[in-house]
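Chain residues, written in single-letter form:
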Amino acid sequence: SVVLAPLLHPSTGALLDAAALVAAAKSLAGGCVVGLEISDAAGNLLPLDLAGLGIDFAIFSTDRYLSGGADALSGVYVRGGCSDKECAADGPPWSIFAKYEA
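Cut-offs applied
- Residues numbered from 1 in each chain as written.
- Predicted model: local features only at pLDDT ≥ 70, side-chain atom pairs only at ≥ 80, totals over all residues.
- Heavy atoms only, no water.
- Pairing = 2+ DSSP bridges.
- Helix = DSSP H or I, 4+ residues; strand = E, 2+ residues; numbered from the N terminus.
- Axes fitted to C-alpha atoms, helices over the stretch in contact; angles between N-to-C directions.
- Contact = heavy atoms within 4.5 Å.
- Salt bridge = Lys/Arg side-chain N within 4 Å of Asp/Glu carboxyl O.
- Buried < 20%, exposed > 50% of the residue type's maximum accessible area, 1.4 Å probe, protein only.
- Arc of directions from axis to C-beta.
- Core = buried A, V, L, I, M, F, W, Y, C linked by side-chain atoms within 4.5 Å.
- Right-handed = clockwise from strand over helix to strand, strands pointing away.

Please explain the sheet that holds strand S2 (residues 33-37) as it appears in this structure.
Within a sheet, each strand pairs with its neighbour through backbone hydrogen bonds, oriented either parallel or antiparallel. Read across the open sheet, the four strands follow the order S1-S2-S3-S4; overall the sheet is mixed. Where the open sheet ends on each side, the last strands, each with one partner, are strand S1 (2-6) and strand S4 (74-78). Here the strands of the sheet are splayed against their neighbours by 15° on average, with no regard to which way each runs. Contacts from helix H1 (residues 18-27) reach S1 and S2, with the element oriented near 155° to S2.

Mind showing me how you'd approach the pattern of salt bridges here?
Here the structure, examined in full by the defined rule, presents two salt bridges. Lys26 is the partner of Asp56 in a salt bridge, and the nearest nitrogen-oxygen pair spans 2.6 Å. Here Asp56, found in the loop between helix H3 (50-53) and strand S3 (57-61), pairs with Lys26, found in helix H1; they are 30 residues apart in sequence, far enough to count as distant. Asp56 is the partner of Arg79 in a salt bridge, and the nearest nitrogen-oxygen pair spans 2.9 Å. Of this pair, Arg79 sits in the loop between S4 and helix H4 (84-87) while Asp56 sits in the loop between H3 and S3, and the two are 23 residues apart along the sequence. Residue classification places Asp56 among the buried positions, given a relative accessible area of 1%. Where salt bridges share partners, they join Lys26, Asp56 and Arg79 into one cluster.

Just checking my understanding: could you explain H1 for this structure?
Think of an α-helix as 3.6 residues a turn; residues three or four steps apart then line up on the same face. For H1, every residue scored as buried is listed here: Ala18, Val22 and Ala25. Projected onto a plane normal to the axis of H1, the buried residues spread over an arc of 70° and lie on a single side. Residues of H1 that are buried sit in contact with S1, S2 and H3.

Help me understand the nonpolar core in this model?
Among soluble globular proteins, nonpolar side chains are generally buried collectively. Ranked by internal contacts, the top residues of the largest apolar core, which has 13 residues, are Leu7, Val34, Leu36, Ile38, Leu50, Ile55 and Ala58. Elements supplying a minimum of two residues to this core: H1 and S2. Looking at this core, the element that brings in the most residues is H1, giving three residues. Among all residues touching Ile55, those that are not within four sequence positions of it are Val22, Val34, Leu36, Leu50, Tyr77 and Arg79.

What is the right way to read the pairing of S1 from this model?
The side chains of a regular strand alternate, first on one face of the sheet and then on the other. Pairing analysis gives five bridges linking S1 to S2, with the strands arranged parallel. In the sheet register, Leu4 faces S2, and the bridge partner there is Gly35. With H1 bridging S1 and the parallel S2, this β-α-β connection has right-handed handedness.

Right, dumping it as structure tokens:
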């Protein structure tokens, strides 16, 4: 299973307790792959220690908060050592992006 949540709530700006989310998701039977959407956090220049949070992946876009415009860049962070077998029985979480690769 995959858990994906925004690090900052898009309407309220509330900061997610990512460490608690990771701990809860990993404690479930079989553990979950945990990802964060960090566009708002990066745009607000919050210090991000993605490896320290223990998340498996993060996604972001520069279109809104980093003034990227219509042709904005997007990115994916994948935790080092996150092998296919370790991160998901059905394949790694980043496999969902394979259909977009040229």
